[in-house]
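# Observations on the model geometry
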Amino acid sequence: MSTQSLVSAIPAAASPAALAHFEASFAYETDCWDVHDALANGKPDFVLLDVRGTEKYAAGHVPGALDLAHRKIIGSKLAEFPEDTLFVVYCAGPHCNGAARAAVRLARLGRPVKLMAGGVTGWLDEGFTLATGPD
């Protein structure tokens, strides 16, 4: 009988590889706390997109977020923003891939993008409130 768990059955990456991986992840993701901090301090240097759809946006969204469903992300919808605008996208939470789909669309359009890890679920888990109704 083996005493090795499923966790350790596949060895962890060597420390240099793990370091490179985890450092690189910050180029692709941010977290709810950092987004909240930037918004609360009036220092958002990004555009926050709620990519879940208008109905879910109206029911509750991160204050300051714009409503733009991932399926509707096209060049003409972004024309008002300078080419180097950083977009931060979020969806319902870790169980939803809408933010990843939005990030793919933005990247294909040549736009800088990060995903807000945790989405609405993470936002609420941090104790932050949602705004309701259309912006």
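Scope of this entry: the structure provided in the associated data block. All figures in this text were calculated on a predicted structure; none of them were measured in a lab.

### A short note on the nonpolar core
A general feature of soluble globular proteins is that nonpolar side chains tend to end up buried together. Counting residues in hydrophobic clusters, the biggest one holds 16 residues, and the most contacted among them are L49, V51, I73, L78, F87, V89 and L106. No other element matches helix 5 (residues 98-108), which puts four residues into this core. In this view, L49 contacts L66, L68, F87, V88, V89, Y90 and L106; residues no more than four positions away in its chain are not counted. With 14 residues, the next largest nonpolar core counts C32, F46, Y57 and V120 among its residues.

### Thoughts on the sheet that holds strand 2 (residues 47-50)
Strand order across the open sheet formed by five strands is 1-5-4-2-3, with parallel pairing between neighbours. The two strands at the open ends of the sheet, each matched to only one other strand, are strand 1 (29-31) and strand 3 (66-67). Strands strand 2, strand 4 (87-90) and strand 5 (113-117) of the sheet are contacted by helix 5, whose axis makes an angle of about 155° with strand 4.

### A few points about the packing of aromatic side chains
A complete count under the given rule lists three aromatic pairs for this structure. Here the aromatic rings of W33 and F128 are separated by 5.4 Å at their centres, their planes lie at 40°, and the arrangement is tilted. Separated by 95 residues along the polypeptide, W33 in helix 3 (residues 32-40) and F128 in the segment after helix 6 (119-125) bring together distant segments of the chain. In this structure F128 comes out as buried when scored by relative accessible area, which is 10%. Between the aromatic rings of F81 and F87, the centroid separation amounts to 5.4 Å while the plane-to-plane angle is 85°, which identifies the pairing as edge-to-face. A residue is classified by how much of its surface remains accessible, and F81, at 16% relative accessible area, is buried. A residue is classified by how much of its surface remains accessible, and F87, at 0% relative accessible area, is buried. Among the aromatic residues, those joined into a cluster by ring pairs are W33, W123 and F128.

Rules and cut-offs
- Residues numbered from 1 in each chain as written.
- Predicted model: local features only at pLDDT ≥ 70, side-chain atom pairs only at ≥ 80, totals over all residues.
- Heavy atoms only, no water.
- Core = buried A, V, L, I, M, F, W, Y, C linked by side-chain atoms within 4.5 Å.
- Buried < 20%, exposed > 50% of the residue type's maximum accessible area, 1.4 Å probe, protein only.
- Helix = DSSP H or I, 4+ residues; strand = E, 2+ residues; numbered from the N terminus.
- Contact = heavy atoms within 4.5 Å.
- Pairing = 2+ DSSP bridges.
- Axes fitted to C-alpha atoms, helices over the stretch in contact; angles between N-to-C directions.
- Phe/Tyr/Trp six-rings, centres within 6.5 Å; stacked < 30°, edge-to-face > 60°.

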